[in-house]
Amino acid sequence: MNLLAIETSCDECSAAVLQDGSLKSIVISSQLIHTEYGGVVPELASRAHMELIVPVVEEALIKSSVDKDNIEAVAVTYGPGLAGSLIVGLSFAKAFAAARGIPVIGINHMEGHLYSTFLEDDKPEFPFVALIVSGGHTMLIHVREPYSHELVGQTRDDAAGEAFDKVAKLLGLGYPGGPIIDKLAKEGNARAFSFPKAFLSRSSTPENGETFEFSFSGLKTSVLYLLRDLKYNADVRDEKLVRDICASFQRAVVDVLVEKAARAAERFSVRSISVAGGVAANRELRETIQARASSIGAKAHFPRPLYCTDNAAMIGMAAHFKILKYGMVSDLSLKPVPNLPLIAEPA
Ligand code: KG4
Ligand code: ZN
């Protein structure tokens, strides 16, 4: 089955072609314009998607060597995301499908991240625990079988990626903050500063109500207070200090994510932990979670960094699993749902 997948929920315009669940081609066009503004500007994002969607899909089709008349279904993200950006992908997908009389399948963006690890040869084994860490979400999910999953915890305030972006902004490092902090942290001393790690108390056990919730806003505020105390000036910055703050901050985030994911794996007796979303590209997170997983007889799985951030290949992979579970359910009345929750399936 030849499937065209489209992702336009935020600032990446992406198209992919999959054949029976295996990736034939992928094109991702990142909108660099937002770096000038220190964050995604919704109006600019939808306008850019408008310009990019046709050439991006055409390139994905050419690279796949699949003729567009042989595409049998279109999968498209319908939420969560920016309404104006989702509309561009949805409208294109509906028009493409309606013109050919083929089904259009709505996919939840977070389920795209959830199944992104299956784009790799080294796949998680069902049942597994998934840690999804992106700019907008931090979620722990128990995946029992294909397309049967339950949210077991999420962030109460900032997402992990959002914390990276906000701390990078406080330090005057640019946007997006994750990759910059990742790089600087490598040469910093992670013990230089002690930042809070929310909800990590060892005394909280499954019996007395261990929580799989996260919170990162206190950590960000703690960096803010430190910078105030140090009278930090981003224009005349002390590079060693910046590296140490990055390393200490990153260690605090990673410790919380890894420990929570490992405890969830133990609680649900699973042997695979899948880590996905933009923050899953983080070097320290990948190394630390792999080591912690093996300490409990489990294994961590990740998509390659290209598939950690937003892309259409993961939307196609989620569609592949969704079709296996529910059959081909087409919906030409699909609308964008900016706050679509994870459990709202089937669409
Ligand atoms: O999944 P994604 O591309 O978009 C959302 O759906 O949000 O994630 C983007 C987030 C940004 O917050 C970015 O700073 C973060 O992922 N990120 C990283 C790294 N690469 C991207 N965070 C930490 N380390 C990285 N290497
Ligand atoms: Zn995402």
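Residues numbered from 1 in each chain as written. Chains lettered and ligands numbered in written order. Predicted model: local features only at pLDDT ≥ 70, side-chain atom pairs only at ≥ 80, totals over all residues. Heavy atoms only, no water.

Q: Looking at this model, I keep getting lost on the domain arrangement of the protein chain. Mind explaining?
A: What the domain assignment lists for the protein chain is domain 1 (2-114 + 308-326) and domain 2 (124-302). In this structure, domain 1 and domain 2 have C-alpha centres spaced 28 Å apart. In this assembly, 17 residues from domain 1 lie in contact with 22 residues from domain 2. Buried area between domain 1 and domain 2, both sides added, is near 1,600 Å², and the carbon and sulfur share of it is 69%. If you sort the residues of domain 1 by the area they bury against domain 2, Met110, Leu114 and Cys308 come out on top, with a joint share of 40%. Inspection of the region where domain 1 meets domain 2 yields zero salt bridges. Our enumeration of links across domain 1 and domain 2 arrives at three residue pairs in polar contact (both at pLDDT 80 or more). (Domains from an automatic or database assignment. Contact = heavy atoms within 4.5 Å. Buried area = accessible area lost by both parts, 1.4 Å probe. Salt bridge = Lys/Arg side-chain N within 4 Å of Asp/Glu carboxyl O. Polar contact = N/O pair within 3.5 Å; in protein donor to acceptor, adjacent residues only side chain to side chain.)

Q: Can you help me understand the environment of Leu61 in this one?
A: You can see Leu61 is positioned in helix H1 (residues 42-64). For Leu61 and His137, which are 76 residues apart along the polypeptide, the C-alpha to C-alpha distance reads 31 Å. (Helix = DSSP H or I, 4+ residues; strand = E, 2+ residues; numbered from the N terminus.)

Q: Which parts of the structure should I look at to understand the pairing of strand S9 (residues 272-276)?
A: Remark: a regular strand shows side chains that alternate across the two faces of the sheet. Burial within S9 is extensive, with five of its five residues counted as buried. In S9, alternate side chains face the same way, and those of Ser272, Ser274 and Ala276 on one face and Ile273 and Val275 on the other are all buried. Where strand S6 (residues 128-133) and S9 come together, five bridges link them in parallel fashion. Each residue of the ladder has a partner; that of Phe128, found in S9, is Ser272. (Buried < 20%, exposed > 50% of the residue type's maximum accessible area, 1.4 Å probe, protein only. Pairing = 2+ DSSP bridges.)

Q: Is there a simple way to explain the coordination of the zinc ion (ligand 2) in this structure?
A: Only His109 (NE2), His113 (NE2) and Asp310 (OD) from the protein reach the zinc ion (ligand 2) as donors, at distances of 2.0 to 2.1 Å. Of note is the zinc ion (ligand 2), whose four donor atoms meet at the metal with angles of 95 to 143° in an arrangement that counts as irregular. Sequence spacing of the donors to the zinc ion (ligand 2): H-x3-H-x196-D. Taken together, the positions of His109 and His113, both in helix H3 (residues 109-115) and four residues apart, correspond to about one turn of that helix. The two residues His109 and His113 agree in class, both being buried. (Donors = N, O, S within 2.8 Å, 3.2 Å for Na, K, Ca; no water. Tetrahedral: all angles 85-135°; square planar, octahedral: opposite > 155°, others 65-115°.)

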